[in-house]
Amino acid sequence: MADSQQSNGPGRGIIDAGQRVLTTLVGMIETRVRLAVVELEEEKANVIQLLMMVGLTMLFTAFGLMSLMVLIIWAVDAQYRLMAIAITTAVLFILALSCGLWTLRKSRQSTLLRATRKELETDHRLLEDERR
C-alpha cells in the first residue's frame, strides 16, 4: 500500500518531468551529432574530390607551362633569350603569389559544419530565452 502511494505521489510528477526533459535533451543531442556526422561525410567527399581535381590541374598546368616556356625561349632571338627567361620567370612568380594569396583567403572562409553550428546557436539562444 505504501509503495502505491509513493509511485503516484507528488514526487512522481517531478520524476516524470525530469525524465521528459532528459529524453528531450538526449534526442536533441542525438540529432545534432547525426547532423554533424552527415556534414563531415559530405565535406570529406568534397575535400577528396577537390584534392584530386587540384592535383590533376596542377599536373597539366605544370606541363603546359614548361612547354610554353620552351616554345617562347626557342622563338626569341638568341640575344634576347636571357631577358625572355627573366620575364617569364617574373610573370610565373607573380601568378604563383596571387594564387597563393587567393587560396589563403578562400581557406579562411570556413564552411565546415555550418548547419550544425547554426543549430547549436539556435539551441543556445532558446535555452537562454527559457532561463529568463
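This part is about the packing of helix α2 (residues 10-75) against helix α3 (residues 81-107). In contact at an axis separation of 9 Å, α2 and α3 are set at 155° when each is read in the N-to-C sense. Between α2 and α3, the angle falls in the class roughly antiparallel. Two packed elements cross with a definite hand, and for α2 against α3 that hand is right-handed. For the pair formed by α2 and α3, the contact residues are Leu65, Met69, Ile72, Ile73 and Trp74 on the first element and Arg81, Ile85, Thr88 and Leu92 on the second. Of the residues belonging to the contact of α2 with α3, the class tally is seven nonpolar, one polar and one charged.

What follows covers the environment of Ile73. Note on placement: Ile73 falls in helix α2. Considered as a pair, Ile73 and Arg108 are 35 residues apart in the sequence and their alpha carbons are 39 Å apart. Contacts of Ile73, omitting those with residues within four sequence positions, involve Arg81 and Ile85.

This part takes up the pattern of salt bridges. The final tally for this structure, using the stated rule, is two salt bridges. Arg34 is the salt-bridge partner of Glu30, the closest N and O atoms lying 2.6 Å from each other. Here Arg34 and Glu30 lie together in helix α2, a separation of four residues that amounts to about one turn. For Glu30, a relative accessible area of 40% puts it in the partly exposed group. Between Glu121 and Arg125 there is a salt bridge, with its nearest N and O atoms 3.4 Å apart. You can see Glu121 and its partner Arg125 sitting in helix α4 (residues 114-131), four residues apart, about one turn around the helix. Taking relative accessible area as the criterion, Arg125 reaches 45% and is therefore assigned partly exposed.

Rules used throughout
Residues numbered from 1 in each chain as written. Predicted model: local features only at pLDDT ≥ 70, side-chain atom pairs only at ≥ 80, totals over all residues. Heavy atoms only, no water. Axes fitted to C-alpha atoms, helices over the stretch in contact; angles between N-to-C directions. Helix = DSSP H or I, 4+ residues; strand = E, 2+ residues; numbered from the N terminus. Parallel < 35°, antiparallel > 145°, perpendicular 65-115°, else oblique. Left-handed = near helix turned anticlockwise from the far one by under 90°. Contact = heavy atoms within 4.5 Å. Nonpolar A, V, L, I, M, F, W, Y, C, P; charged D, E, K, R; others polar. Salt bridge = Lys/Arg side-chain N within 4 Å of Asp/Glu carboxyl O. Buried < 20%, exposed > 50% of the residue type's maximum accessible area, 1.4 Å probe, protein only.

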